[in-house]
Structures are given as C-alpha cells and as structure tokens.
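# An overview of the molecular structure
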Amino acid sequence: MTIHGAGRTAFRALWRNPLRSSLAMLGIVIAVAAVVATVAIGQGAKAKMAAQMAALGTNLLIVHPGAMNLHGAVTGAGAVQTLVLSDAQAIARELTDDVLAVAPVDRSGGQVVYGHQNWATQLQGTTNAFLTVRDWPIAEGRPFTREEEKSAAKVCLIGNTVKTQLFGGEDPVGSVIRVKSMPCEVIGLLAVKGQGGWGQDQDDVVLMPWTTLMRRIVGTESDAVGMLWISAKSSDLVADAQNEIDALLRQRHHLAAGAPDDFDIRNLAEMQSAMKDQMSTLALLLGTVALISLIVGAIGIANVMLVSVTERTREIGIRMAIGATGGDVLVQFLVEAMALAAVGGAFGCGLGAGATRVIGQVAHWHVVLSPFVMVATLVVAGMAGIVAGFYPALRASRLDPIEALRYE
Amino acid sequence: MTADTAAVIRAIDLAKTYRMGDVEVPALKGVSLEVLRGEMVAVMGPSGSGKSTFMNLVGCLDRPSTGTILVAGQDVSRLSRIARAKVRGRTIGFVFQGFQLLPRTSALENVELPLVYQKVSGRERKRRAVAALERVGLGDRLDHTPARLSGGQQQRVAIARALVTGPELLLADEPTGNLDSATSVEVLALFQELNDQGLTVVLVTHEPDIAARAKRIVAFKDGHLVSDERIRQDRSRPEAA
Ligand SMILES: Nc1ncnc2c1ncn2[C@@H]1O[C@H](COP(=O)(O)OP(=O)(O)OP(=O)(O)O)[C@@H](O)[C@H]1O
Ligand SMILES: [Mg+2]
C-alpha cells in the first residue's frame, strides 16, 4: 500500500468512530497545548527580563555587605555591618578613572499621605548619584542639593505612581506630604520608568536623601548601608571597576590576604546568568511535566488502538486473506496512531496558541509564540503516536488470517 | 516452473495436524491431488472431514505440517508469511462462506482492496474493479455498502474481489452455505460461467446437486481423499436460472 493510500485509509477508519477518536486524541491535545503555552509564556518572561536587565544598563555593579553565596543569600553573622557610607564616598573619590557614580541605597516600606489620600509605597534613601546610575531623569522639579543630602533634609522625589495616587492630576512639586508622619516637601517628580525586571512597578517609589531615611525614618545613627549601586564609565570598564572596588574595599576593611571578602560585588552579567540558571531550572520542570503529559496522551492512544485492533480483527483477517502482508497491516495501524497524534497535536497547537494569547492579554504578560516550538512539539507528538501505536500494530500484523477471519 | 504447468494445484501427501494444548488433532492425513487448468472441482465430504483445512492450505492461508503443495507450479508449502501473502494476492482468489466484505465500505472499494496491496494506481484500480463488478452483474451497485446488498449480491461482490487480480485459481469454501437455494443456483451459475471462460475453480459444497454441475467431484472423509470422479460432459444449464 502506498503512504498516501495508508493515510486515507487511516483517516477513514478514524472518522468512522469520531467520538472515540476525539477521546483518544484528548490527552495529546492537552499535552501539546500545555507545552506550547508554557513555552510561550516562559520565553516571553525570559525575553522581557533580558530586555529589562539590559535597560538597567550593562555598566551596573551592585555591592552588598557580607559574603554572599551563589544564590544571593547573605552568610556570616554580623556581616551586614561591613559596608558603610564612607566606602561609597571613597569609591567615588578614588576610582574616578573607571567609576561614573556611586549611590548608597537603603529601602523601607512606608505609608505616604497627602490631604485625604494615602498610599503604601517603597521609601528609598539614596543620593543624586542614584539618578545617574539608573539613568533616571527628573520630569519636573530638581534633584537633592549636597546640603540636603548632608543635613537629612525633609525633601523627596516621587515616582509617577505615587504622584497619581496622592495628587491625581495636580502638580505635586512644592507640596508637602507626610512620610510615616514626617512632613516632607516634594521637590521633584521622576520620569516614568514602567515595570521592572521582576514585574514590580518601578514608579511606585519615594526617593529621599539617604541620611533622611536612616536618621529620621528608620531612626538609626549607624553608617551601615544596605547596598551600593555603582555604574562604570563604560561596559568595557566594568571588569576593571569591579577589581578596583574589590581592592579598595578589602584595603578599607583591613582584610588580610587570603581572607574572604566581607562584601559581594555583582555585575549584570553575573545577575543575568543567575537568572538564567533559575529560568532553566523552571524550563526543566515544565519540560518534565510536558513530557509526562505527552506520555499520558500516548498511553491514551495506545489504549484506543489496542481496542481498535481487537474490534477489527476480522477486518485484519480479510485484508490478509486478499494479499495484505503483516507489514501492510503494521503500517496501516501505525499510520492510524500517528494520524491520531498528529491531528491531536495540531488541535493542541491551536488550543495552546489561543490560550497563550488569552493569558497574555488577561494577565498582561509578554508571550513569545515560536513556530519552531510548535513544529517540534508536533513532531514529538507524532513520534509518541508511533511509539504508542507500535505494540497494537505489531499485534495486528501478527494475527493469523484464518483465526482472524473466524473472529466474531 | 515445472514441466506440467497444466496442473494448477498439485498436492503431494499433504497433511495437517492442529495442536490444541497437549492434544493433537490430525485434520488432514496425507492427501495427494492434482487439479488441471480449466477444471471445475467440487469438494465434498462430511463435516470435519478436512475440506476447509485442505482449501486453506491450497489458498496459502495456512502451512501444511508435512507434504508438499504446489500452486501454479510454485511450491508454497514452506513459504514465509510475506511470500504467502503475495501468492494470496496475485495467484489465488478466495471466496468464503460468510462473504467477508469490509463493512461500511462500498462494493467498489471492497473490490479495489486487493489491488491496493499490489500498489496498482488509483485510476487503473477503479477501472479494473468496475470491470470485475460488471462481470458478476453488479455494474449498477458500485456505491452500495454490504448492508445495502442482498446475500447473493454480497457473494457476487466477494467473487468480483476474488477475480479483480486476474488469479490463476478460484477457491470457494461453501460459497452458497449462507444463501437460499434460488440464490445458490444463481451464484453457482456464475462459477460455471467463469469456469467456461477458462478459470480453474475449486469449490467446497455439501449439496450433491450443486456438486453435480462440476466437471469433477472429490470426496474427503476423516482427513483422507476417498473418491475422485470425473463427470462426463452432460453438464446441463440450470433451467430455472
Ligand atoms: N484451528 C483448529 N484447531 C484445531 N482443530 C481444528 C482447527 N481447524 C479445524 N480443526 C479440526 O480439523 C478437522 C477438520 O476440520 P475442517 O474445518 O477442515 O472440516 P470441514 O471438512 O471443513 O468441515 P465442515 O464441513 O463442517 O466445514 C475437524 O475435526 C476440526 O475440528
Ligand atoms: Mg469447512
């Protein structure tokens, strides 16, 4: 029998029992849809994170106090005290060849109030250098003055989300808001930044001088800082800057040669690769789930094909009696199983693509539908069909024609 | 090919023993028989005498336990499954008592089926299937499925299917067993007509008057061939046809 003829015969046989064929396909449909959708969503998240990481600037270095393990957790007791404000000043003062700007950054949650409006947001203590590091312009108003930074002045810059929540359409610059019961003058409005790499709203923030946050809000006289955000003068200088910062901080912290760092410097490439590691772990997990559902789908097909072979024993006998070889019968049932899987796979691709679109729109997720992935999934589904159909087809091909003809 | 190509069937000491668990059932115990080209042979004998067993061996549906069977000069007794399938497809046409047509499939497609396995192209297949159906008088029933045909018509479709490959030999195991007597006469007349056109026909029957229309009657009993007589050519056409 020709392949073309076998395909036609297969589709006709499947069409004869549409309900059973649909049920047999269901497992594959769901498996393929799940694969297509999860891959599209995963790829979308990956692409978006990569774009936003790149938007952070490839020149970025972040220093955390204490030694960190690979996953970013701080280790060692009391290590958090090791990074101080004067470290930031020293880096800015001494490493002018490679470093563009150094900003201390500490964060705290807090309620902000203006008139009858109040809003829970993130309070961030830093310096003007942070605006340089993040390349974040001020839309309206002015940055902090040196004097304000030194004296812990009650001034702040607000992000666009905070402005909308507190002021609506009103101009915020010059108004006094209350930050955790401290009156604070809004001296500027930050330009809109949008969503961050982890999905957070970057405009939902109030920036104030680092001293203001620590002395007046947190209420500490300590000079310990949570992190330093540093930008190198160019991406080529990131490695040099990293080495120089490392040397300077070791010297300032009086670390003996061979002693481990009591701080952790990360550049964007490292952060990206850490993120990629996490993504590939996730992808592996999704892949395993997808594989399992494909296997379940294939078992569904195998089951239906076994029933079908038993039911059609007499048909097999007839075909053999008039000249079909075992091979012809084998091919016929394999093609049937493959057709089930392929049609199921095609439906699954459609369903997966549709579901992906809907999810993307409803959840505002970035999704990437890749035709390559769909074709690959279809091929895998087809192969699963062949594997699933092989045993039933083999049984059919080994039937004895006389016995098969006698089958009731 | 042997010298005596005139022998379409040549069975030599043919035996078949079925095994059911520990029990051995000898169904055929050494049968030698020659059927010449153009003959029409009726096979008779009581139930269980080995007629179907013999037909299945000749029809390459089964293999003998011992002995040799040649069909159209080819020794088929030791052929592989695949080779036997090819002989069934090309050399032999088999008609069964129960018609054995594919359900929910038109007469035309049923008749085309053997050609599908010989990789005959679609157009040629259809042409030959239509010709075969016309030959058995069903040229106007091409699209009917078995469920929409009478028993006699179904058996004609089955005969057309057996003819469509242009076989050397037509085998029929109780082809009229499921038909009423009037229809049996018609179907038998068709076999006679095909035989008159030169086709070698071997058919199993229990009915002496049907057997009487053959040129030769062989009888089985208990796995042995017990009689073999050629009938003088006083074969009369059935009056009531
Ligand atoms: N597959 C089988 N397994 C075991 N025994 C079998 C098998 N097929 C046939 N037999 C036995 O072989 C003997 C001959 O059977 P066969 O079918 O050839 O008889 P028959 O002459 O065709 O009878 P009938 O006229 O009833 O069709 C019988 O005793 C039968 O029981
Ligand atoms: Mg019989």
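Numbering of residues begins from 1 in every chain and follows the order in which that chain's sequence is written. The naming scheme follows written order: chains are lettered A onward, ligands numbered 1 onward. With the structure being a predicted model, the display of local features is reserved for residues of pLDDT at least 70 and the display and counting of side-chain atom pairs for 80 or more, all residues being used for whole-chain, interface and lining totals. The side-chain numbers reported here are obtained from all heavy atoms of the structure, hydrogens and water having been left aside.

Between the rings of Phe, Tyr and Trp (Trp by its six-membered ring), a pair exists once the centres lie within 6.5 Å; its type follows the angle of the planes, with under 30 degrees stacked, over 60 edge-to-face, and the other angles tilted. This model, assessed by the stated rule, comprises four aromatic pairs over all chains. Geometrically, the ring pair formed by A:Tyr114 and A:Phe167 is tilted, given 4.2 Å between the ring centres and 35° between the ring planes. Of the two residues, A:Tyr114 is situated in strand E4 (residues 99-114) and A:Phe167 in helix H6 (residues 160-167); the sequence distance between them amounts to 53 residues. Accessibility expressed as a relative area gives 22% for A:Tyr114, which makes it partly exposed. Exposure categories follow from relative accessible area, calculated using a 1.4 Å probe and restricted to protein chains: below 20% of the type maximum is buried, above 50% is exposed, and the middle band is partly exposed. A relative accessible area of 5% means that A:Phe167 is categorised as buried. A centroid spacing of 5.2 Å and a plane angle of 50° characterise the contact between B:Phe54 and B:Phe220, whose relative ring orientation is tilted. Taken together, the residues B:Phe54 in helix H1 (residues 51-58) and B:Phe220 in strand E9 (residues 216-221) connect sequence positions 166 residues apart. Considered together, B:Phe54 and B:Phe220 belong to a single accessibility category, that of buried residues. Only DSSP runs of H or I with at least four residues qualify as helices, and only runs of E with at least two residues qualify as strands; both kinds are numbered from the N terminus onward.

Let us now look at empty space enclosed by the protein. Buriedness of a pocket was judged along seven lines, with at least five required to meet protein on both sides within 12 Å; pockets are open sets of points on a 1 Å grid over the protein atoms alone, cavities are sets where a 1.4 Å probe fits but cannot get out, and lining residues have an atom within 4 Å of a point. Grid points are joined across faces, edges and corners, and a volume is the space filled by probe spheres set on the points. What the rule picks out here adds up to three cavities of 30 Å³ or more. The volume enclosed by the largest cavity comes to roughly 110 Å³. As for the largest cavity, its lining consists of A:Ala321, A:Ile322, B:Gly59, B:Arg88, B:Gly89, B:Ile92, B:Gly93, B:Phe94, B:Pro114, B:Arg161, B:Ala162 and B:Thr165. At the level of secondary structure, the elements contributing two or more residues to the lining of the largest cavity comprise helix H2 (81-90), strand E6 (92-95) and helix H5 (151-163) of chain B. Ranked by the residues each element gives to the lining of the largest cavity, the list is headed by E6(B), at three residues. Note that Gly is not counted as nonpolar here; it falls among the polar residues with everything else outside the nonpolar set of Ala, Val, Leu, Ile, Met, Phe, Trp, Tyr, Cys and Pro and the charged set of Asp, Glu, Lys and Arg. Of the residues in the lining of the largest cavity, the class split is six nonpolar, four polar and two charged.

Residue and element names in this part refer to chain B. Whether two strands pair comes down to DSSP finding at least two bridges between them. Pairing within the open sheet is mixed, and its six strands lie in the order E6-E7-E8-E3-E9-E10. Two strands lie at the open edges of the sheet, namely E6 and strand E10 (224-230), each paired on one side alone. Across the sheet, the mean angle separating the axes of adjacent strands is 15° when strand polarity is ignored. Sheet topology places strand E3 (residues 40-44) next to E9; four bridges connect them, and they run parallel. In the strand pairing of E9, Ala42 is matched with Ile217. Only heavy atoms matter for contacts: two residues are in contact if any of them lie within 4.5 Å across the pair. Between N-to-C directions, angles span 0 to 180 degrees; the directions come from axes that are lines fitted to C-alpha atoms, helices contributing only their stretch in contact. Sheet strands touched by H1: E3, E6, strand E7 (169-173), strand E8 (200-204) and E9. Its angle to E7, the strand with the most contacts, is close to 150°.

Take the packing of helix H9 (residues 268-311) of chain A against helix H11 (residues 326-363) of chain A next. Residue and element names in this part refer to chain A. Put simply, H9 and H11 touch, their axes get as near as 11 Å, and they point 140° apart. Looking at the two axes, H9 sits oblique to H11. Here H9 and H11 pass one another in a crossing that is right-handed. Within the contact between the two elements, H9 uses Ile301, Met305, Ser308 and Val309 and H11 uses Phe333, Glu336, Ala337, Leu340 and Ala341. Any angle that falls under 35 degrees is termed roughly parallel, while one over 145 is termed roughly antiparallel, one within 65 to 115 roughly perpendicular, and all others oblique. Crossings are sorted by hand: turned counterclockwise from the far helix by less than a right angle, the near helix makes the crossing left-handed, and turned clockwise it makes it right-handed.

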